[in-house]
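# Summary of structural features
Now for the letters of each chain:
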Number of protein chains: 4
Amino acid sequence: MRFFSDNAAPVAPAIMAAIEQANAADTAYDGDTLSGHLDVAFSTLFEREVAVLWVSTGTAANALALSLLCPPYGGVLCHEAAHIVGDECGAPEFYTHGARLMGCTGEGGKLDVDTLAARLAGVRPDVHQVQPHTVSLTNATESGLSYRPSEIAAIGAFCRENGLAIHMDGARFANAVAFTGASPAEMSWRGSVDFLSFGFTKNGAMNAEALVLFDPALVEEARRRRKRGGHLLSKGRFIAAQLLAMLEGDRWLVNARAANCAAQKVAAGAGDRLLYPVEANEVFLRLSPEEAGRLRAAGYDFYDWGEGVARLVTSWHHDEADVAPFAHAIAAL
Amino acid sequence: MRFFSDNAAPVAPAIMAAIEQANAADTAYDGDTLSGHLDVAFSTLFEREVAVLWVSTGTAANALALSLLCPPYGGVLCHEAAHIVGDECGAPEFYTHGARLMGCTGEGGKLDVDTLAARLAGVRPDVHQVQPHTVSLTNATESGLSYRPSEIAAIGAFCRENGLAIHMDGARFANAVAFTGASPAEMSWRGSVDFLSFGFTKNGAMNAEALVLFDPALVEEARRRRKRGGHLLSKGRFIAAQLLAMLEGDRWLVNARAANCAAQKVAAGAGDRLLYPVEANEVFLRLSPEEAGRLRAAGYDFYDWGEGVARLVTSWHHDEADVAPFAHAIAAL
Amino acid sequence: MRFFSDNAAPVAPAIMAAIEQANAADTAYDGDTLSGHLDVAFSTLFEREVAVLWVSTGTAANALALSLLCPPYGGVLCHEAAHIVGDECGAPEFYTHGARLMGCTGEGGKLDVDTLAARLAGVRPDVHQVQPHTVSLTNATESGLSYRPSEIAAIGAFCRENGLAIHMDGARFANAVAFTGASPAEMSWRGSVDFLSFGFTKNGAMNAEALVLFDPALVEEARRRRKRGGHLLSKGRFIAAQLLAMLEGDRWLVNARAANCAAQKVAAGAGDRLLYPVEANEVFLRLSPEEAGRLRAAGYDFYDWGEGVARLVTSWHHDEADVAPFAHAIAAL
Amino acid sequence: MRFFSDNAAPVAPAIMAAIEQANAADTAYDGDTLSGHLDVAFSTLFEREVAVLWVSTGTAANALALSLLCPPYGGVLCHEAAHIVGDECGAPEFYTHGARLMGCTGEGGKLDVDTLAARLAGVRPDVHQVQPHTVSLTNATESGLSYRPSEIAAIGAFCRENGLAIHMDGARFANAVAFTGASPAEMSWRGSVDFLSFGFTKNGAMNAEALVLFDPALVEEARRRRKRGGHLLSKGRFIAAQLLAMLEGDRWLVNARAANCAAQKVAAGAGDRLLYPVEANEVFLRLSPEEAGRLRAAGYDFYDWGEGVARLVTSWHHDEADVAPFAHAIAAL
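Description of the structure in this document.

Criteria and thresholds
- Residues numbered from 1 in each chain as written.
- Chains lettered and ligands numbered in written order.
- Predicted model: local features only at pLDDT ≥ 70, side-chain atom pairs only at ≥ 80, totals over all residues.
- Heavy atoms only, no water.
- Helix = DSSP H or I, 4+ residues; strand = E, 2+ residues; numbered from the N terminus.
- Rg over C-alpha atoms; globule rule 2.2 N^0.38 Å.
- Buried < 20%, exposed > 50% of the residue type's maximum accessible area, 1.4 Å probe, protein only.
- Contact = heavy atoms within 4.5 Å.
- Areas by Shrake-Rupley, 256 points an atom, 1.4 Å probe, with all protein chains shown as cover.
- Axes fitted to C-alpha atoms, helices over the stretch in contact; angles between N-to-C directions.
- Parallel < 35°, antiparallel > 145°, perpendicular 65-115°, else oblique.
- Left-handed = near helix turned anticlockwise from the far one by under 90°.
- Nonpolar A, V, L, I, M, F, W, Y, C, P; charged D, E, K, R; others polar.
- Buried area = accessible area lost by both parts, 1.4 Å probe.
- Salt bridge = Lys/Arg side-chain N within 4 Å of Asp/Glu carboxyl O.
- Least-squares fit on C-alpha atoms with pLDDT ≥ 70 in both.
- Core = buried A, V, L, I, M, F, W, Y, C linked by side-chain atoms within 4.5 Å.
- Pairing = 2+ DSSP bridges.
- Polar contact = N/O pair within 3.5 Å; in protein donor to acceptor, adjacent residues only side chain to side chain.
- Expected span 1.5 Å × (residues − 1).
- Phe/Tyr/Trp six-rings, centres within 6.5 Å; stacked < 30°, edge-to-face > 60°.

## Some thoughts on the overall build of chain A
Of regular secondary structure, chain A possesses 13 helices and ten strands. The C-alpha atoms of chain A give 20 Å as radius of gyration, which agrees with the globular expectation for 333 residues (20 Å, within 12%). Principal-axis analysis of the C-alpha atoms places the extent of chain A at approximately 55 × 55 × 30 Å. A burial count over chain A gives 65% of its 333 residues as buried. In chain A, 76% of the contacts between residues at least 6 apart in sequence involve partners at least 24 apart. With an accessible surface of roughly 10,500 Å², chain A has 53% of that area assigned to carbon and sulfur atoms.

This is the structure in structure tokens:
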């Protein structure tokens, strides 16, 4: 049983069906009917006008967003454990043409106003130092914690006061929404988020992510940067189809709830082993190498996350039959 | 009937089937079994060891290739009408970090040794001028002409003598191979091509292109640059599946032959209207605006290609029933 | 006698004296008193508020200007023979992060509205093509011609209508002002020029160029880009001193007039050999290799400028005694 | 009295004299006789063949060096307090096209093998993480400490084993050499340093730094990158003249000794206030705001260096008359 990544899960049947249904000749790039429906569909979901660009990877969505929010000579305040720092091989630096990721610390991958204020205070405003232009939040975080709307709003207010834009890496935005019960609007633009990388691939899509622009005026620049990055697929209808199918009947939320639920069940028997509260679809367990070995011998696959810690990731695809024995095995260690 | 782009055609049934069959949980990124088979499959096809990276767009394949062959302070000799010049929104400059595209002229989008030699002779070798480091050929060209192996070999010899690498933009490589009857090897590395962007999306795939490295030593750098460009899909197995299905039973060649054949039939009644010989799946016709209007009124869709010229593109999907009436309509103008 | 470049001339005595006088301890970078006087001094000269940044090379001034006027995904309309195209080793692409130089043709290195309009009309506004964002004029041109105020104003009006900014490479701006007799204002912002690279090094300074911003709002970004490019000298007072000494008593104009006058004298006996009218400090002569050889044998040094053409450049330092025998030698060929 | 930066000191008389003597017409750029002597002069000093490029700022020297040693997708291990991190406005990222500065900690700005090994061990070698390609040492450090030859050699051996190149930021290399008494060779290439930014501007020059390449094979690329950065001055002879004058009679060492000696004297009465041993020309003192205010009121100028710490910098120009009263004033606090 694979618990090492939600990327390893299959594509959900409804998404695969939508892909197949998209297979008729249509205009190339993003001129097709499906792509043309995205703005309306996401505007409905977010309860305001938004512009949406599909891309095929979360790294592309993040890097494009940052390139629109931060000049080459600027900096991005982010958690030092963020995906953009540790898992994108410098894509943010590439797309921004050299902006600097300015890592901050914070329990469980979370930033707060105090942390940001302290980091900002440490930067001399003179021409010799790289100045932060934007903040990047990850929700849910790399440690599986979810920002609440009030936390986002507090950071948002701080950023507005200090002239900082906000990007949200929402590779697991759906899981955070599912956990908090807040609306997508509360979890994003109502808290002053400017750009959201809204991930679907980990949540049952094949290769579809939405870059959501709450400032639609930037969409022309975003479209050019996407093309320039090689991310304007010639048969974009297959990506748009996935996104629309995900929004239909709130499948994105249904899937995320299933994944979160599986995580809760996996964690149920973990007791003191839990490193963080489970607020999305990731479980971090203190496991000795010997214990990790025993679980692997029993057929469970997962990542080591530093010394003595294992990361277990659940997906929309894990059902009771997958999860119950695993929870049992953990409890039995 | 759509003749405006091979990108507008549907995905071929065998490719769609392969995508569906790939839908089992597997390792993320390019660690899956299907991705792992690519090097062997393409090495067989090219009759030598090659390293292959999948990407989702031809623009990404081209730009990555150039980034590996040309330093930021160098130049790329190419045809002024090449896709990398006119249709990629500066992706080559982005990925190479500012290398210069040095456009050359040549009938029908083709370069030859004389043209390259003259362009090279016009560059002072001093530190003030951008020095060419690589040549980019498009095969088949933007005008639907195919380089023959002897032409490639001649350019290849010139490049070797002058320290220039060679990239081939093969968005329609399959069509060129189908037309010339030469082997993929003769059309690439035997003529000193270093990197080939081997396109499959226009030829019946969904979003799959192969970046073929004839110098496998560069594969590690290529993999990092791909990741950094946001082109390492987390469920890469769906891209690899398309490529493997394309190679199986030489479907890439079967499809390209079908597209080429359709182009020949479309062109059959065109007579003097033909701007170029038809050597791939594109037909360029002299059409007055009034004539173009009549064809469009009859339901045929195509691009204007400058003044008084129309570009008609056929695909694997055009059959006799599509093409015959169109040829008839053209002949009847 | 050296006529191959105005860069080869010595530093003018008043400039050297100003450098020596600047040699007292003072604040580092551009916080010193001399640097602090620049905005006022240049504002007076240009009859409006301007912001000025010193840099040490014309290439840096040009590239910084373009980086402020053109995004990485944009293009710069310029003459194909412009210094930014042929003599800066890709600095514009480096500083703009990959914007494209879109070369136009035009007699004697000059652009006009028709040329620009035609080039612009050839660009599809879609996302696939690089869109021009700015125009770069060189005044005096690489062929030694000077734009008149009316010509600049016509281009300026066209650019305003089409949303294009204007950069002027004024490595020999002084010579153009001296030739036309127009005011610096007429030769720049009154004709809608946004940024001027105002050169002094060729005109008797040691290593001092002024980047003049007619939109002072951009000065903060300009300062950061200058620092980031490594062009913020720690002892900037020595550069500022040169610029102030150049403005004092209009030495820049006096020197340019001397250079222009020398060019007129050199050209006086050239008759039909003249390729272009002499409108600055450069003379282009038709010379056979044999004739060029004879002049060189007589001790005159100059560049070949393509086949059968020689470029002779005069400087502030050439006096009657230098120039008369040369004019004689040319006339005697 | 200015103790806030060695950049604030005047140009040494011998350097000013050399500049004046260079003021004859000569070939432009770096084709002049003086520039042509640099390789030999520095090869003698370093006891091996080196290639040397002049530039006008230390930031340019550092950024160019890093661009030659680290690819855009790579990382630079350096101290988190290094000048390249905190004082160059992102120039390293600009010149490397987005390589990442990977800050390490270490007492007094120094790195050692243990620190580097631990940082390296924390990087997964997979394609998702930025891989370090080079180490940048600052000697003397930002805290005024000097690496000894044995320390450099130990780091050098570690780097060789791990495929890392070494850049040394030697803005105060002269001061480190003066302090340790080691030879320039021992302080650089004998310890495996690949590129040295050898600073002269802080040490009595006007605007002259030497980028020393211990691998002369890279000089062509370095020259192109320098030009592309806008750092090839058209009258380079004035920079070369400064460097040659600095080497003549080991003036660089004489000046550095004078500055170091002044620092020792300033520190003499500081007792427990000293934050670091004084190993170059910088003195870091614990001073309360009130004490700092008293010194400033007495006419002494210096930087606050974080809370409760003052940085005092001496230069070649500080003599007994400057320094003795200051030492006295500090002792009297």
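Once the structure has been displayed, the description carries forward.
## Re the packing of helix H6 (residues 113-121) of chain C against helix H7 (residues 149-161) of chain C
Any two packed helices are characterised by the angle at which their axes cross and by the distance between the axes. Residues and elements named next belong to chain C. In the contact formed by H6 and H7, the axes pass within 9 Å of each other and the chain directions differ by 25°. Of the possible angle classes, the one that applies to H6 and H7 is roughly parallel. In the packing of H6 onto H7, the handedness of the crossing is right-handed. Where H6 abuts H7, its residues Val113, Leu116, Ala117 and Leu120 lie against Ala154, Ile155 and Phe158. Of the residues contributing to the contact of H6 with H7, the split by class is seven nonpolar, no polar and no charged.

## As for the interface of chain C and chain B
Many analyses report the size of an interface as the accessible area lost when the parts associate. Contacts between the two partners involve 16 residues from chain C and, on the opposite side, 16 residues from chain B. Counting the surface lost from both chain C and chain B, the interface buries some 1,300 Å², and carbon and sulfur atoms represent 38% of this. Three residues stand out in chain C for area buried against chain B, namely C:Cys89, C:Glu93 and C:Arg100, and they jointly supply 39% of the buried area on that side. For the interface between chain C and chain B, the tally reads four salt bridges. Between B:Arg100 and C:Glu93 there is a salt bridge whose closest N-O contact spans 2.7 Å.

## A look at the relation of the copies chain B and chain A
Between chain B and chain A, which share one sequence, the superposing operator has a rotation angle of 180° and an axial displacement of 0.0 Å; the RMSD is 0.0 Å. Expressed as a symmetry operation, the mapping of one chain copy onto the other fits a two-fold axis. Across chain B, the smallest distance between a C-alpha and the rotation axis is recorded for B:Gly229, namely 3.4 Å. When the interface residues of chain B are mapped onto chain A, 98% of them are again interface residues, pointing to one common binding face.

## Side note on the nonpolar core
Core analysis: the biggest nonpolar cluster contains 138 residues, and A:Phe42, A:Phe198, B:Phe42 and B:Phe198 have the highest contact counts within it. The contacts of A:Phe198, once residues within four sequence positions are left out, are A:Phe42, A:Leu45, A:Phe46, A:Gly170, A:Phe173, A:Ala174, A:Glu209, A:Ala210, A:Val212 and A:Trp252. C:Val11, C:Ala245, D:Ile19 and D:Val177 belong to the second-largest nonpolar core, a separate cluster that totals 136 residues.

## Describing the environment of C:Ala324
Residue and element names in this part refer to chain C. Inspection of the secondary structure assignment puts alanine 324 in helix H13 (residues 320-331). The exposure class assigned to alanine 324 is partly exposed, which follows from its relative accessible area of 36%. Along the chain, alanine 324 and serine 56 lie 268 residues apart, while their C-alpha atoms are 33 Å from each other.

## Some remarks on the sheet that holds strand S9 (residues 303-304) of chain B
All names here are of chain B. In space, the three strands of this open sheet follow the order S8-S10-S9, with antiparallel pairing throughout. Of all the strands in the sheet, just strand S8 (282-286) and S9 have a single pairing partner and so form its edges. The sheet contact formed by S9 and strand S10 (residues 309-313) spans two bridges and is antiparallel. Across the sheet, tyrosine 303 pairs through a bridge with arginine 311, a residue of S10.

## Details of the relation of the copies chain C and chain B
Between chain C and chain B, which share one sequence, the superposing operator has a rotation angle of 180° and an axial displacement of 0.0 Å; the RMSD is 0.0 Å. When the interface residues of chain C are mapped onto chain B, 100% of them are again interface residues, pointing to one common binding face.

## Let's talk about the interface of chain B and chain A
Opposite the 49 residues of chain B that make contact, chain A presents 48 residues. For the interface between chain B and chain A, the tally reads zero salt bridges. Connecting chain B to chain A are 27 residue pairs in polar contact (both at pLDDT 80 or more). The set of elements that each furnish at least two residues to the side of chain B that touches chain A consists of helix H1 (13-21), helix H3 (58-69), helix H5 (91-96), helix H9 (219-228) and helix H10 (237-247) of chain B. Broken down by class, the residue content of the side of chain B that touches chain A amounts to 22 nonpolar, 15 polar and twelve charged.

## Quick word on the side chain of D:Ser234
Relative to the assigned elements, D:Ser234 resides in the loop between helix H9 (219-228) and helix H10 (237-247). For D:Ser234, the side chain forms a polar contact with the side chain of C:Asn7, separated by 3.1 Å. Apart from the residues within four sequence positions on either side, D:Ser234 is in contact with C:Asn7, C:Thr201, D:Ala28 and D:Tyr29.

## Section: helix H11 (residues 251-268) of chain D
An ideal rise of 1.5 Å per residue puts 26 Å on 18 residues; H11(D) measures up with 25 Å between its terminal C-alpha atoms. Among the residues of H11(D), D:Trp252, D:Leu253, D:Asn255, D:Ala256, D:Ala259, D:Asn260, D:Ala262, D:Ala263, D:Val266 and D:Ala267 are the ones counted as buried.

## Some words on the sheet that holds strand S7 (residues 209-213) of chain D
All names here are of chain D. In spatial order, the strands read S1-S7-S6-S5-S4-S2-S3; together these seven strands make up an open sheet with mixed pairing. Sheet topology places strand S1 (51-55) and strand S3 (100-104) at the edges, where each strand pairs with a single neighbour. Across the sheet, the mean angle separating the axes of adjacent strands is 25° when strand polarity is ignored. With five bridges connecting them, S1 and S7 associate as antiparallel partners.

## Remarks on the packing of aromatic side chains
Across all of its chains, the model carries 66 aromatic pairs over all chains by this definition. Where C:Phe46 meets C:Phe198, the ring centres are 6.0 Å apart and the plane angle is 85°; that geometry is what we call edge-to-face. Of the two residues, C:Phe46 sits in helix H2 (residues 33-46) while C:Phe198 sits in strand S6 (residues 195-199), which places them 152 residues apart along the sequence. An identical accessibility class is assigned to C:Phe46 and C:Phe198; each is buried. Between C:Phe284 and C:Trp305, the aromatic rings sit 5.8 Å apart at their centres with planes inclined by 65°, giving edge-to-face as the arrangement. With C:Phe284 in strand S8 (residues 282-286) and C:Trp305 in the loop between strand S9 (303-304) and strand S10 (309-313), this pair connects stretches of sequence that are 21 residues apart. On the basis of relative accessible area, C:Phe284 is assigned to the buried category, the value being 1%. Three or more aromatic residues joined by ring pairs make a cluster, and in this case those are A:Phe42, A:Phe46, A:Phe173, A:Phe198, A:Phe200, A:Phe214 and A:Trp252.

Interpretation in functional terms is not warranted from these geometric data alone.
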